[in-house]
Amino acid sequence: MAKAWQSLAWRRCGSCRLRRAAGVLALREAIADYLRRSRSVHCEAHHVVITSGTQQGLYLSCQVLLGEADSVWVEDPAYRGITAILESIGPEDRIVHVPVDEEGIDVAAGIAMDAHARAAFVTPSHQYPLGMPLSMGRRKALLAWAEANQSWIVEDDYDSELRYAGHPFPALQGLAPERVIYLGTFSKILYPSLRLGYAVVPDALVDAYVGARILMDRHPPTADQHVLAAFIKEGHLDRHIRRVRGVHAERRTFVIETIERLIAPDLAWLQPSDQGMHLVLWLAAGLDDREVASLGREAGVALRPVSPMYAGRKGPAGLVLGFGGFGDKAIEEAARKLAAILNKLTK
Ligand SMILES: Cc1ncc(COP(=O)(O)O)c(C=O)c1O
């Protein structure tokens, strides 16, 4: 009798822990509802695993999807948050750097390089760092490849809320919910120190993601999840996104005007894009983006070099200019410092 009671209690604790590992149900319901409405993601609460941000979603995906011998596509250039994970778990030669052009990742090139990769990590709504959305033709080609090869697509939808011109493409996940793992984050739209995000996972992978989550850090802290669930359910997130989109659109216009006013176009020029909280500034031949970023850091300006985001950590020189948390005065001051650095280096 005692034994039966014990094992029942044991199982109850076990399943309670499993539920906790996926995250607070109220938050998973609120996120599923938000994603269905705003991104055409095809999901229910039981597909949602709360993460401590996209970084953990990327890490979990590598753990769950990739066997030791599996090759994997990444975009070239790509977010260092994914290529650095893959380099750290090795071997490096399984990373297939698929070039990106004005339509996003070049699927035909990927197939020519390695048709049998196990997974593709992509940023379809706003290629990181360059900013173009993945075209509809490429979306279809990517999904057709994944379906034919039974490969997984990991969709990092890191700042899709911040599209300024027209309607964003719906999520890739909505077109193939059984092939795509959809990663989202509250880092961009709320704040990065919140450390809350989500993975929307196909039925076949839910247990594996939750299991990997338990091994990694048990479960996300509970209190903030309840607060965020109420914030979304009471409509604050939708209002916040509408307001923030307006603020960022103005700030972005100000960054573009300021750069074009203060920096000579033969020294640096902006990559066109219509989304997000950063811009890419290409640098003229002869300028070293790592050196500019390092001089920027000394002057108190955070600039991320673009060339290390390419395969072999070698690519054209450029800088990621993040403008998320800054007012006009700080932006103007940073642009002046950057102009001074570029002028000095090219004198
Ligand atoms: C491409 C990309 N993915 C994801 C993230 C967000 O990561 P996290 O949710 O871990 O803060 C960022 C943040 O800069 C990013 O640039």
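What counts, and where the lines are drawn
Residues numbered from 1 in each chain as written. Predicted model: local features only at pLDDT ≥ 70, side-chain atom pairs only at ≥ 80, totals over all residues. Heavy atoms only, no water. Salt bridge = Lys/Arg side-chain N within 4 Å of Asp/Glu carboxyl O. Helix = DSSP H or I, 4+ residues; strand = E, 2+ residues; numbered from the N terminus. Buried < 20%, exposed > 50% of the residue type's maximum accessible area, 1.4 Å probe, protein only. Patch = residues over 30% accessible without salt bridge, like charges linked within 9 Å, V, L, I, M, F, W, Y side chains within 5 Å. Areas by Shrake-Rupley, 256 points an atom, 1.4 Å probe, with all protein chains shown as cover. Near = heavy atom within 4 Å. Polar contact = N/O pair within 3.5 Å; in protein donor to acceptor, adjacent residues only side chain to side chain. Nonpolar A, V, L, I, M, F, W, Y, C, P; charged D, E, K, R; others polar. Pairing = 2+ DSSP bridges. Contact = heavy atoms within 4.5 Å. Axes fitted to C-alpha atoms, helices over the stretch in contact; angles between N-to-C directions. Domains from an automatic or database assignment.

## Things to note about the pattern of salt bridges
Where charged atoms of side chains with opposite charge meet at close range, the side chains can pair.
1) Next: Overall, the coordinates contain 15 salt bridges when judged by the stated rule.
2) Next: Note that Lys233 is salt-bridged to Glu29, the shortest N-O span being 3.5 Å. Taken together, the residues Lys233 in helix H8 (residues 222–233) and Glu29 in helix H2 (residues 25–39) connect sequence positions 204 residues apart.
3) Next: In this structure, the salt-bridge partner of Asp101 is Arg138, at a minimum N-O distance of 2.8 Å. Within this pair, whereas Asp101 is found in strand S3 (residues 95–101), its partner Arg138 is found in helix H6 (residues 136–149), the two being separated by 37 residues in sequence.
4) Next: On the accessibility criterion, Asp101 (22% relative accessible area) is partly exposed.
5) Next: Overall, the relative accessible area of 13% leaves Arg138 in the buried class.
6) Next: Here the salt bridges share partners, and the residues they tie into one network are Asp33, Arg36, Arg37, Glu44 and Asp238.

## Things to note about a nonpolar patch on the surface
1) Next: Side chains of Tyr59, Ile89 and Met216 sit close together on the surface and give an oily, nonpolar patch of about 220 Å² of accessible area.
2) Next: The topology assignment puts Tyr59 in helix H3 (residues 54–65).
3) Next: For Tyr59, a relative accessible area of 31% puts it in the partly exposed group.

## Things to note about the site of the ligand
1) Next: Around the ligand, the neighbouring residues are Gly53, Thr54, Gln55, Tyr79, Tyr128, Asp156, Tyr158, Thr185, Ser187, Lys188 and Arg195.
2) Next: Within the backbone of Thr54, a nitrogen or oxygen atom sits 2.7 Å from an oxygen atom of the ligand.
3) Next: Measuring from an oxygen atom of the ligand, one finds a side-chain N or O atom of Arg195 at 2.8 Å.
4) Next: For the ligand, the protein covers 91% of the area, taking 400 Å² as the surface of the free molecule.
5) Next: Among the residues making up the shell around the ligand, the classes are represented as 3 nonpolar, 5 polar and 3 charged.

## Some words on the sheet that holds strand S9 (residues 268–270)
The strands making up a sheet are joined through hydrogen bonds of the backbone, oriented either antiparallel or parallel.
1) Next: Taking strand neighbours across the sheet as the criterion, the 4 strands line up as S9-S10-S12-S11 in an open arrangement whose pairing is antiparallel. Across the chains shown, the open sheet's two edge strands, defined by having one partner strand only, are S9 and strand S11 (304–305).
2) Next: Sitting on the sheet, helix H9 (residues 236–262) touches S9, strand S10 (278–283) and strand S12 (318–322), and the angle it makes with S10 is about 15 degrees.

## Focus on the domain arrangement of the protein
1) Next: Structurally, the protein comprises domain 1 (20–234) and domain 2 (238–346).
2) Next: Computed over C-alpha atoms, the centres of domain 1 and domain 2 are 26 Å apart.
3) Next: One salt bridge connects Asp238 with Arg37, and the closest N-O pair in it is separated by 3.0 Å.
4) Next: For the pair domain 1 and domain 2, the number of links is 14 residue pairs in polar contact (both at pLDDT 80 or more).
5) Next: A class-by-class count of the residues in the side of domain 1 that touches domain 2 yields 15 nonpolar, 5 polar and 8 charged.

## Re the environment of Ile85
1) Next: Among the secondary structure elements, Ile85 is positioned in helix H4 (residues 80–89).
2) Next: Given the relative accessible area of 6%, Ile85 is considered buried.
3) Next: The spacing of Ile85 and Leu58 is 27 residues in sequence and 8.2 Å in space, taken between C-alpha atoms.
4) Next: Excluding its chain neighbours within four sequence positions, the residues that come into contact with Ile85 are Gln55, Leu58, Tyr59, Cys62 and Arg80.

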